[in-house]
Amino acid sequence: MPGLGTTFGRGGATTAQQDLANADAILIMGSSMAENHPVGFQWVVEARERGAKIIHVDPRFNRTSAMSDIWVPLRAGTDIIFLGALIHYVLENDKYFREYVQHYTNAPMIIRDAYR
């Protein structure tokens, strides 16, 4: 990413990838992280060793797919439908951390209880 060096003074990731090791589930979409970001992928492997589920969404089967618990081979152009269905499932089945969403995101400002 050439713009990262100019903007942030370095070309590396601008996130704390080490925190991936603490995840319960990791969704990798449209990336072969195992091949293209092997240093960051070590945290995904650590999470998997701790019991996290790894889901890889990509039309191509590659090293990341092989290391994942679930490979979802989407066809081109269906990624938005997949994400919408995933969000719908999470909300309908109350599979999100409500306390985190209420206290640490702007969701309470966007959607209030009166909206129902």
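So, here's what we can say about the structure. (Residues numbered from 1 in each chain as written. Predicted model: local features only at pLDDT ≥ 70, side-chain atom pairs only at ≥ 80, totals over all residues. Heavy atoms only, no water.)

1. Observations concerning the nonpolar core
Here is step 1: Of all hydrophobic cores here, the largest spans nine residues; its members are Ile-26, Ile-28, Met-33, Ala-34, Phe-41, Val-44, Ala-47, Ala-52 and Ile-54.
Here is step 2: Counting only elements with at least two residues in this core, the list comes to strand S1 (25–29), helix H2 (33–36) and helix H3 (38–49).
Here is step 3: Looking at this core element by element, the count peaks at three residues for H3.
Here is step 4: Apart from residues no more than four positions distant in its own chain, Phe-41 is found in contact with Ile-28, Met-33, Ala-34, Thr-64 and Met-67. (Core = buried A, V, L, I, M, F, W, Y, C linked by side-chain atoms within 4.5 Å. Buried < 20%, exposed > 50% of the residue type's maximum accessible area, 1.4 Å probe, protein only. Helix = DSSP H or I, 4+ residues; strand = E, 2+ residues; numbered from the N terminus. Contact = heavy atoms within 4.5 Å.)

2. Observations concerning the pattern of salt bridges
Here is step 1: One pass over the full model with this rule turns up three salt bridges.
Here is step 2: For Glu-46, the salt bridge goes to Arg-50, with nearest N and O atoms at 3.0 Å.
Here is step 3: In this structure Glu-46 comes out as partly exposed when scored by relative accessible area, which is 27%.
Here is step 4: Take Arg-50: its relative accessible area is 55%, and that puts it in the exposed class. (Salt bridge = Lys/Arg side-chain N within 4 Å of Asp/Glu carboxyl O.)

3. Notes on the sheet that holds S1
Here is step 1: If you trace the three strands from one edge of the open sheet to the other, you get S1-S2-S3, paired in parallel fashion. Looking at the sheet topology across the chains shown, the edges are occupied by S1 and strand S3 (70–72). Direction aside, neighbouring strands of the sheet carry axes that sit 15° apart on average.
Here is step 2: In this structure, S1 lies alongside strand S2 (residues 53–57), joined through five bridges in parallel fashion. The residue bridging Ile-28 from the neighbouring strand is His-56, located in S2.
Here is step 3: Each of S1 and S2 is contacted by H3, which is oriented at about 140° to S1, the strand it contacts most.
Here is step 4: Strand contacts of helix H5 (residues 79–92): S1, S2 and S3, with the helix running at about 165° to S1, the strand carrying the most contacts. (Pairing = 2+ DSSP bridges. Axes fitted to C-alpha atoms, helices over the stretch in contact; angles between N-to-C directions.)

4. Overview of the environment of Asp-69
Here is step 1: Mapping Asp-69 onto the fold places it in the loop between helix H4 (63–67) and S3.
Here is step 2: Taking relative accessible area as the criterion, Asp-69 reaches 42% and is therefore assigned partly exposed.
Here is step 3: In this structure the C-alpha to C-alpha distance between Asp-69 and His-56, which are 13 residues apart in sequence, comes to 8.0 Å.
Here is step 4: In contact with Asp-69, not counting residues within four places along its chain, are Arg-48, Ala-52, Lys-53 and Ile-54.

5. So, the packing of aromatic side chains
Here is step 1: As enumerated under the stated definition, the model contains two aromatic pairs in all.
Here is step 2: Consider the rings of Phe-61 and Trp-71, whose centres lie 5.0 Å apart with planes at 80°: the pair is edge-to-face. Taken together, the residues span a long stretch of sequence, with Phe-61 in the loop between S2 and H4 and Trp-71 in strand S3 at a distance of 10 residues.
Here is step 3: Judged by relative accessible area, which is 52%, Phe-61 ranks as exposed.
Here is step 4: Since its relative accessible area comes to 32%, Trp-71 is described here as partly exposed.
Here is step 5: For the ring pair Tyr-100 and Tyr-104, a centre distance of 5.4 Å and an interplane angle of 35° mean the geometry is tilted. Taken together, the positions of Tyr-100 and Tyr-104, both in helix H6 (residues 98–104) and four residues apart, correspond to about one turn of that helix.
Here is step 6: Assessed through its relative accessible area of 61%, Tyr-104 is described here as exposed. (Phe/Tyr/Trp six-rings, centres within 6.5 Å; stacked < 30°, edge-to-face > 60°.)

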